[in-house]
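# A closer look at the structure
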Amino acid sequence: MLFLNIPVADLPRSKAFFTKLGFSFNPNFTDENAACMLVGEQASVMLLSHQKFAEFSKLPMADPATHALALYCFSVSSREEVDAVAEAALAAGGVEADGLEDYGFMCSRSFFDLDGHGWQVMWMDPAAAEQGPEEFVASMQDANAPA
């Protein structure tokens, strides 16, 4: 299992933001200082109040609005869902970081959440994920080549 811990300034506000993007929370690991956001069968993002985050980290907390320490990426099931989630993030108060990046076999959009953390929502063709991007692109070129 993967638990990624990130600090948030206002936990209820952050929970509301991510709920609007379609995420849910595990109530067994959610209280007034932390919220366990489910992002996959074996992965969760722990939204932690600044005070709670400081209990875990021995280093000073950086301001995500001025320093990038990580970029968080999650996948969705379709190209259309990339746009739907990104638009939901913008409507909920997020700020667009990058518009649509489309590579044919994969596309993504990026935004900053309410605390300034950078997020990318992406879709990848399942065949490309299975074969690897280079092999997938080569197989598509072979399929489109004249006989």
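Residues numbered from 1 in each chain as written. Predicted model: local features only at pLDDT ≥ 70, side-chain atom pairs only at ≥ 80, totals over all residues. Heavy atoms only, no water.

### Regarding the nonpolar core
In terms of nonpolar packing, the biggest core is built from 25 residues, with Phe18, Leu21, Leu47 and Trp119 touching the most fellow members. Breaking this core down by element, the ones donating at least two residues are β1 (2-8), α1 (11-20), β3 (34-40), β4 (43-49), β5 (71-75), α3 (79-91), β7 (106-112) and β8 (118-124). The biggest single contributor to this core is α3, with four residues. One finds Ala34, Cys36, Met46 and Leu48 within the second-largest nonpolar core, a separate group that totals five residues. (Core = buried A, V, L, I, M, F, W, Y, C linked by side-chain atoms within 4.5 Å. Buried < 20%, exposed > 50% of the residue type's maximum accessible area, 1.4 Å probe, protein only. Helix = DSSP H or I, 4+ residues; strand = E, 2+ residues; numbered from the N terminus.)

### Focus on the pairing of β4
In terms of residue burial, β4 counts as a mostly covered element, since seven of its seven residues are buried. Neither face of β4 is left uncovered, since the one carrying Ala43, Val45, Leu47 and Ser49 and the one carrying Ser44, Met46 and Leu48 both have all their residues buried. Looking at chain direction, β3 and β4 are connected through six bridges and run antiparallel. The residue of β4 that forms the bridge with Met37 is Val45. Between β3 and β4, which follow one another and run antiparallel, lie two residues. (Pairing = 2+ DSSP bridges.)

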